[in-house]
Amino acid sequence: MDDRRDPAEARLRELLGAWRREIDEVPARSLVDPVRAVDVVIEAKQAAKARNRGRVHPPPDGARTRPPGDAREEAV
């Protein structure tokens with residue numbers, strides 16, 4: 001099998017590879033401190049749990065899963 005690659009494609013790959021290496025070599029400071037990012041995620045999860053732990057109110061139509069008051073004891 002002949003390797004008939006387009007010379008323009010090969011040159012483009014070479015140029016993009018060189019560009020990528022140059023980009024990777026540039027020192028860039030981190031925009032987000034990884035430790036602080038983890039803390040923020042944990043705090044957000046805890047806040048979401050706290051919001052969902054509220055009191056559960058009965059449905060507006062008065063439907064219940066169990067009979068109210070002494071009716072539970074009579075049913076047994």
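See above for the structure.
Now for a quick tour of the structure. Note that the structure is predicted; figures quoted are calculated from it, not measured.

So, the overall build of the chain
Each helix and strand in the chain was counted, giving three helices and zero strands. Element order for the chain, N to C, with α for helix and β for strand: α-α-α. Accessible area of the chain: about 8000 Å², with a carbon and sulfur share of 55%.

Details of a nonpolar patch on the surface
A surface patch of nonpolar side chains, about 440 Å² in accessible area, is lined by L12, L16, W19 and I23. Its place among the elements puts I23 in helix 1 (residues 7-25).

Digging into the pattern of salt bridges
With the rule as written, the count across this model stands at four salt bridges. A salt bridge links E14 to R11, with the nearest nitrogen and oxygen atoms 2.9 Å apart. Here E14 pairs with R11, and both are found in helix 1, just three residues apart, close to one helical turn. Note that E43 is salt-bridged to R36, the shortest N-O span being 3.6 Å. The partly exposed category is assigned to E43, whose relative accessible area is 44%.

Rules used throughout
- Residues numbered from 1 in each chain as written.
- Predicted model: local features only at pLDDT ≥ 70, side-chain atom pairs only at ≥ 80, totals over all residues.
- Heavy atoms only, no water.
- Helix = DSSP H or I, 4+ residues; strand = E, 2+ residues; numbered from the N terminus.
- Areas by Shrake-Rupley, 256 points an atom, 1.4 Å probe, with all protein chains shown as cover.
- Patch = residues over 30% accessible without salt bridge, like charges linked within 9 Å, V, L, I, M, F, W, Y side chains within 5 Å.
- Salt bridge = Lys/Arg side-chain N within 4 Å of Asp/Glu carboxyl O.
- Buried < 20%, exposed > 50% of the residue type's maximum accessible area, 1.4 Å probe, protein only.

Shape is all these values report; function is a separate question.
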